[in-house]
Amino acid sequence: MKTPLTPQQHAGLFTITATQFVLVFMLSSVAVAVPALGREFGAKAAELGLVESGYIAAVSMLLFPVTRLADMVGRGAVFFSGIALFTVVSLLLPLTTSIDAFIVLRVFQGAGGAMMVTTGLVILAELFPGQGRGRALGISSAGVYLGLSAGPWLGGLITTHLGWRWVFYLCAVPCVACLALALRHLPVRPRLARGQRFDWGGALLMALGMMLLTQGGTHFDTATGKAMLAGALLALAGFVAWEARADAPLLDLRLFAGNRPFAFACAVQFINYAATFGITFLVSLYLQIARGMSAGDAGLVLMAQPLMQAVLSPLSGSLVDRVPPHRIATLGMGAGTLAMALAALLGPEAPLPLVAGVLLLCGAGTASFATANMSVIMGSVAPTHYGVASAMTAAMRTTGMTFCLVVISVALSVALGPAAATAENAPQFMAAMHAVLWGFAALGAGGTVLCLYAPLRRAGQGQAPPAPPND
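Just so it is clear, the model here is predicted, and its values are computed rather than measured. (Residues numbered from 1 in each chain as written. Predicted model: local features only at pLDDT ≥ 70, side-chain atom pairs only at ≥ 80, totals over all residues. Heavy atoms only, no water.)

Details of the overall build of the protein
Helix and strand counts for the protein stand at 17 helices and zero strands. Taking all 471 residues of the protein together, 55% fall into the buried category. For the protein, the accessible surface area stands at approximately 19300 Å², while carbon and sulfur atoms represent 68% of it. (Helix = DSSP H or I, 4+ residues; strand = E, 2+ residues; numbered from the N terminus. Buried < 20%, exposed > 50% of the residue type's maximum accessible area, 1.4 Å probe, protein only. Areas by Shrake-Rupley, 256 points an atom, 1.4 Å probe, with all protein chains shown as cover.)

Some details on the nonpolar core
Of all hydrophobic cores here, the largest spans 100 residues; its most connected members are M26, F86, Y286 and I408. Of the residues forming this core, the biggest block, 16 residues, is contributed by helix α1 (residues 7–41). What I408 contacts, discounting residues up to four positions off in sequence, is G278, F281, L282, V436 and F440. (Core = buried A, V, L, I, M, F, W, Y, C linked by side-chain atoms within 4.5 Å. Contact = heavy atoms within 4.5 Å.)

Structural notes on the side chain of S90
Relative to the helices and strands, S90 is located in helix α3 (residues 75–92). By relative accessible area, which is 0% here, S90 ends up buried. Reaching out from S90, the side chain makes a polar contact with the side chain of Q109 at a distance of 3.0 Å. Ignoring anything within four residues of it in the chain, the contact list for S90 reads Q109, F168, Y169 and A172. (Polar contact = N/O pair within 3.5 Å; in protein donor to acceptor, adjacent residues only side chain to side chain.)

Some words on the packing of aromatic side chains
Throughout the structure, instances matching the rule amount to nine aromatic pairs. Consider the rings of F102 and F168, whose centres lie 5.6 Å apart with planes at 80°: the pair is edge-to-face. With F102 in helix α4 (residues 99–117) and F168 in helix α7 (residues 165–185), this pair connects stretches of sequence that are 66 residues apart. A relative accessible area of 1% means that F168 is categorised as buried. Taking the centre distance of 6.2 Å and the plane angle of 90° together, the rings of W164 and F168 count as edge-to-face. Looking at R106, its charged tip hangs above the ring of Y55, at a distance of 4.3 Å from the centre. (Phe/Tyr/Trp six-rings, centres within 6.5 Å; stacked < 30°, edge-to-face > 60°. Lys NZ or Arg CZ within 6 Å of the ring centre and 35° of its normal.)

Digging into the side chain of D199
Take D199: it is sitting in the loop between α7 and α8 (200–218). In this structure, D199 is buried with no salt-bridge partner, the nearest side chain bearing the opposite charge being R68 at 6.8 Å. Here G202 takes part through its backbone nitrogen, which lies 3.1 Å from a polar atom of the side chain of D199. Polar side-chain contacts of D199 include one of 2.7 Å to the side chain of W242. Those residues within four positions of D199 in sequence are excluded, and the remaining contacts are W242, E243, A246, A248, P249 and L250. (Lys, Arg positive; Asp, Glu negative; His and termini not counted. Salt bridge = Lys/Arg side-chain N within 4 Å of Asp/Glu carboxyl O.)

A closer look at the packing of helix α10 (residues 260–276) against helix α14 (residues 325–343)
At a minimum axis separation of 10 Å, α10 and α14 run at an interaxial angle of 25°. Overall, the two elements α10 and α14 adopt an arrangement that is roughly parallel. You can see that α10 and α14 cross each other, and the crossing is left-handed. Here α10 contributes V268, I271, N272, A275 and T276 to the contact with α14, which in turn contributes M333, G336 and M340. Class assignment for the residues of the contact of α10 with α14 results in five nonpolar, three polar and no charged. (Axes fitted to C-alpha atoms, helices over the stretch in contact; angles between N-to-C directions. Parallel < 35°, antiparallel > 145°, perpendicular 65-115°, else oblique. Left-handed = near helix turned anticlockwise from the far one by under 90°. Nonpolar A, V, L, I, M, F, W, Y, C, P; charged D, E, K, R; others polar.)

A word on a nonpolar patch on the surface
On the surface, a nonpolar cluster with roughly 390 Å² of combined accessible area is contributed by L162, W166, L170 and V173. Checked against the element boundaries, V173 lands in helix α7. On the basis of relative accessible area, V173 is assigned to the exposed category, the value being 53%. (Patch = residues over 30% accessible without salt bridge, like charges linked within 9 Å, V, L, I, M, F, W, Y side chains within 5 Å.)

Here we look at α10
Counted at 1.5 Å a residue, the expected span for α10 with its 17 residues is 24 Å, and the 24 Å between its end C-alpha atoms agrees. α10 sits mainly inside the fold: twelve of its 17 residues count as buried. Among the residues making up α10, those that are buried are P261, F262, A265, C266, V268, Q269, I271, N272, Y273, A274, A275 and T276. (Expected span 1.5 Å × (residues − 1).)

Points about the confidence of the model for the protein
Looking at the protein, pLDDT values average 81 and 87% of them are 70 or higher. When mean pLDDT is taken per element in the protein, α3 scores highest with 93 and helix α6 (residues 132–161) scores lowest with 74. Across residues 455–471 the pLDDT falls below 50, and counting only partners more than four positions away or on other chains, this stretch makes 38 contacts in the model. (pLDDT = per-residue confidence, 0-100.)

A look at the environment of L452
Checked against the element boundaries, L452 lands in helix α17 (residues 426–453). A residue is classified by how much of its surface remains accessible, and L452, at 38% relative accessible area, is partly exposed. Taking the C-alpha atoms as reference points, L452 and R327, separated by 125 residues in sequence, lie 6.8 Å from one another.

Spelled out as structure tokens, the structure:
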């Protein structure tokens with residue numbers, strides 16, 4: 001007989017599942033709404049890329065600082081503050097009157113998302129310490145897939161019939177419910193920990209690098225944009241150098257030393273998302289700009305990818321227990337690479353079933369890769385480092401997403417300059433899209449080879465190499 005859930009467990013399960021949903025819903029739904037808000041604001045094509053990349057970049061640059069902050073003041077306090085920030089910004093975004101203000105607020109929305117994503121699953125694991133933990137984590141994962149699946153469709157319908165602003169208004173509704181439940185049932189009061197130090201130098205270098213990266217990609221057609229990209233590389237290199245010498249680093253680089261499976265698996269994690277994440281954004285613009293589809297109709301087509309991920313992810317998870325995970329990850333990355341190459345061949349008159357087929361193939365690749373590569377990463381470190389390994393997985397994923405969107409912004413900036421992406425310059429957009437997708441296919445091919453031949457394949461055999469000493 002199953003033990004009934006306590007009110008605290010009920011509240012935690014709902015709030016964390018709901019926040020997992022809204023985080024990805026804000027990506028997948030806004031991707032469909034981007035052309036509509038771009039037309040209203042008269043935004044450049046490259047600025048539209050910043051709408052998404054600014055959100056992801058904020059998550060990326062705050063992932064490790066927020067993890068340390070949660071250790072210092074309590075996960076519940078950080079989680080509640082993240083929901084509050086995300087909710088307030090979601091209500092402010094529809095009130096903006098310029099693309100610049102909109103992008104700034106999207107960065108703050110991403111900051112709230114970072115505070116939720118770094119703490120939510122850990123809180124859930126603490127609320128469900130026994131056999132119910134797997135089921136609870138599975139339910140929270142369902143929230144992610146529901147957000148990915150519903151985002152293009154609901155976002156398209158809302159944008160078409162109510163306007164893009166209502167995407168944000170309606171997204172705030174579950175957030176308000178989460179705030180009320182968390183305040184009543186979860187431990188959200190700050191709990192200061194003694195003896196914890198914060199790595200301000202590392203946090204500032206990471207933030208500077210990610211901000212310059214996204215801004216430089218958007219303004220790549222200018223000398224200032226190119227200088228920003230150069231500054232981003234210097235700041236991120238400085239972050240690595242700083243972390244190697246810091247007394248209390250945000251990222252313990254010793255995890256990579258002498259642990260090739262972990263290092264290669266993290267590299268592959270970055271490559272996969274850098275190569276495949278942008279297909280939803282590009283195909284959304286392709287369907288609406290080059291083919292003249294409405295946001296609602298485009299959203300229906302875009303649903304193919306997340307639905308395939310939702311269907312195949314449980315199967316991939318069960319296969320990992322029986323098949324060496326590096327093989328499954330290799331097949332997944334290979335499928336995603338093939339999808340990028342096929343998407344690069346799409347023309348304005350391509351049959352819609354072919355477009356949907358490309359998205360289905362990409363979704364199948366992502367579903368196969370994600371669980372398998374996570375198994376490699378977690379199997380390559382000692383249990384005492386599972387928290388750091390989990391954070392590193394998320395960091396490589398979000399950094400890869402950011403890199404992907406920055407590349408798209410650069411390509412659109414070069415192809416269209418200051419002009420907005422419209423039906424009139426659809427040929428220039430198509431040329432930029434094809435060039436970017438061929439580049440992503442080449443990157444994915446390299447990652448596929450790395451999956452197949454890198455030492456990370458040994459991590460799936462249950463022989464975890466020794467991890468660095470735990471301070």
